[in-house]
Amino acid sequence: ISEVSQMGRGFWVVVVIGGVFSLARFSEAFLILRGSEAGLSVAYVPLILVAMNVAYAAVAAPAGALSDRIGRVRLLGLSLVILIASDVVLGFFGNVIGLMAGAMLWGVHMGLSQGVLAALVADTAREELRGTAFGVFNLVTGVGLLIASIFAGSLWNCFGAEATFLVGAGF
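Predicted model only: the values in this text are computed from it and were never measured.

Quick notes on the rules
Residues numbered from 1 in each chain as written. Predicted model: local features only at pLDDT ≥ 70, side-chain atom pairs only at ≥ 80, totals over all residues. Heavy atoms only, no water. Helix = DSSP H or I, 4+ residues; strand = E, 2+ residues; numbered from the N terminus. Rg over C-alpha atoms; globule rule 2.2 N^0.38 Å. Buried < 20%, exposed > 50% of the residue type's maximum accessible area, 1.4 Å probe, protein only. Contact = heavy atoms within 4.5 Å. Areas by Shrake-Rupley, 256 points an atom, 1.4 Å probe, with all protein chains shown as cover. Lys, Arg positive; Asp, Glu negative; His and termini not counted. Charge placed at Lys NZ, Arg CZ, Asp CG, Glu CD. Axes fitted to C-alpha atoms, helices over the stretch in contact; angles between N-to-C directions. Left-handed = near helix turned anticlockwise from the far one by under 90°. Nonpolar A, V, L, I, M, F, W, Y, C, P; charged D, E, K, R; others polar. Phe/Tyr/Trp six-rings, centres within 6.5 Å; stacked < 30°, edge-to-face > 60°. Core = buried A, V, L, I, M, F, W, Y, C linked by side-chain atoms within 4.5 Å.

(A) Layout of the overall build of the protein chain. Counting its secondary structure elements, the protein chain contains 8 helices and 0 strands. Whereas a compact globule of 171 residues would reach a radius of gyration of roughly 16 Å, the protein chain reaches 17 Å, a difference of no more than 12%. Reported as C-alpha extents along the three principal axes, the dimensions of the protein chain are approximately 50 × 35 × 30 Å. Looking at the protein chain residue by residue over its 171 residues, the buried ones come to 42%. Long-range contacts, defined as pairs at least 24 residues apart, comprise 78% of the intrachain contacts of the protein chain with a sequence gap of at least 6. On the protein chain, roughly 8,600 Å² of surface is accessible, and the fraction owed to carbon and sulfur atoms is 71%. Distance from the positive charge centre (8 side chains) to the negative charge centre (9 side chains) of the protein chain: 8 Å.

What follows is the structure, given as structure tokens:
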């Protein structure tokens, strides 16, 4: 606990930003559920995550160079716009093409945001506290993702997939 109290203001700003991002982005399991609703057979449902991860991998390295040019905060803003677009596509287009496009946009969001968030944690934490900083950051974002997923699951049960993704976009 004494190490956590030594974290500076900049680190806590990054933790809050990461927490908000995780609240806006619920579990990828909802992509799989959407695939089942779209009529994909059980054998093909994993292709949704493949599409998301291919987009993630394709964007992650160039995102680092882009963050050097336009700045990390701007890149996080761009990734949030792409997450909103992903949620809108997933909310309005329940077919396989819409699902794959939404999953790929989700992957682009992840590729733009995850490395930048990790870099911000490293930038704002004191060198001797970086391990603790990453632990705290991942704890907060993990709890945020859990809360968001519970809320998304409740929305899904009460109002369906469309409402879940559209509320995610609105958040």
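We are not done yet, so read on.
(B) Structural view of the packing of helix H4 (residues 46-70) against helix H6 (residues 96-124). H6 packs onto H4 with a crossing angle of 35 degrees between their chain directions and a minimal axis gap of 6 Å. Along this stretch, H4 crosses H6, giving a crossing that reads as right-handed. In this structure, H4 uses Leu47, Ile48, Ala51, Met52, Ala55, Tyr56, Val59, Ala60, Ala63 and Ser67 to contact H6, whose residues at the interface are Leu99, Met100, Ala103, Met104, Trp106, Gly107, Val108, Met110, Gly111, Leu112, Gln114 and Val116. Here the residues of the contact of H4 with H6 are counted per class, giving 18 nonpolar, 4 polar and no charged.

(C) Representation of the packing of aromatic side chains. Under the criterion given, the structure shown has 6 aromatic pairs. An angle of 75 degrees between the planes, with centres 5.2 Å apart, marks the rings of Phe26 and Phe30 as edge-to-face. Of the two residues examined, Phe26 and Phe30, each falls in the buried class. By way of ring pairs, the aromatic residues Phe26, Phe30, Trp106, Trp156 and Phe165 are connected into one cluster.

(D) Seen up close, the nonpolar core. Within the largest apolar cluster, 22 residues are counted, with the highest numbers of intra-cluster contacts made by Phe11, Leu76, Val108, Leu112, Val121, Ala133 and Phe137. Within the residue set of this core, elements represented by two or more residues are helix H2 (9-24), H4, helix H5 (72-92), H6 and helix H7 (130-159). Among the elements that make up this core, the one with the highest residue count is H6 (6 residues). Filtering out sequence-adjacent residues up to four positions away, Leu76 remains in contact with Ile17, Phe21, Ser113, Val116, Leu117 and Leu120.

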